[in-house]
Amino acid sequence: MSNTIKNSQIKIIKINNKTYLPYQLHQLPKFFDKYTTDFFNLKGYCYINLEDHSDSFNLTNFKNRLTFHKNLSGSLSR
């Protein structure tokens with residue numbers, strides 16, 4: 001996967017063999033702590049390292065629900 005992001009595309013990003021998942025700022029997971037979580041902000045999204053998610057986190061479900069249409073309800077967007 002490329003390390004560049006086009007203006008109209010938001011993706012799961014891989015940098016230095018670490019996977020980062022995008023979240024809108026108002027939908028950050030409960031475990032998020034700006035002092036201990038490995039994250040960065042880009043284009044209005046907060047990208048959190050997959051390793052910071054719990055063992056029970058379902059990456060397939062996250063990918064299936066990943067959408068970037070800002071007008072969808074909160075239960076459908078990430």
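See the structure above.
**Quick word on the sheet that holds strand β2 (residues 18-24)**
Where strands meet in a sheet, backbone hydrogen bonds hold them as pairs that are either parallel or antiparallel. Judged by pairing direction, the sheet is antiparallel, and its four strands sit side by side in the order β1-β2-β4-β3 without closing on themselves. The open sheet is flanked by β1 (13-15) and β3 (39-42), the only strands paired with a single partner. Neighbour-to-neighbour, the strand axes of the sheet open up by a mean angle of 30°, direction not taken into account. Across three bridges, β1 lies against β2 in antiparallel orientation. Bridging from a neighbouring strand, Lys 14 pairs with Thr 19 of β2.

**So, the pairing of β3**
Pairing of β3 with strand β4 (residues 45-49), which is carried by four bridges, proceeds in the antiparallel orientation. Along β4, the bridge assignment pairs Asn 41 with Cys 46. Counting the residues that bridge the hairpin from β3 to β4 gives two residues, and of these Lys 43 lies at a positive phi of roughly 50°.

**Overview of the nonpolar core**
Ile 12, Leu 21, Tyr 23, Cys 46, Ile 48 and Phe 62 together form the largest nonpolar core, which totals six residues. Going through the elements one at a time, β2 and β4 are the ones with two or more residues in this core. Listed in part, the five residues of the second largest apolar core include Ile 10, Ile 13, Tyr 20 and Tyr 45.

**A closer look at the side chain of Asn 49**
If you trace the backbone, Asn 49 turns up in strand β4. Among the polar contacts listed, one links the side chain of Asn 49 to the side chain of Asp 38, at a separation of 2.8 Å. The contact partners of Asn 49, leaving out residues within four places of it in the chain, are Lys 18, Thr 19, Tyr 20 and Asp 38.

Definitions and cut-offs
- Residues numbered from 1 in each chain as written.
- Predicted model: local features only at pLDDT ≥ 70, side-chain atom pairs only at ≥ 80, totals over all residues.
- Heavy atoms only, no water.
- Pairing = 2+ DSSP bridges.
- Helix = DSSP H or I, 4+ residues; strand = E, 2+ residues; numbered from the N terminus.
- Axes fitted to C-alpha atoms, helices over the stretch in contact; angles between N-to-C directions.
- Core = buried A, V, L, I, M, F, W, Y, C linked by side-chain atoms within 4.5 Å.
- Buried < 20%, exposed > 50% of the residue type's maximum accessible area, 1.4 Å probe, protein only.
- Polar contact = N/O pair within 3.5 Å; in protein donor to acceptor, adjacent residues only side chain to side chain.
- Contact = heavy atoms within 4.5 Å.

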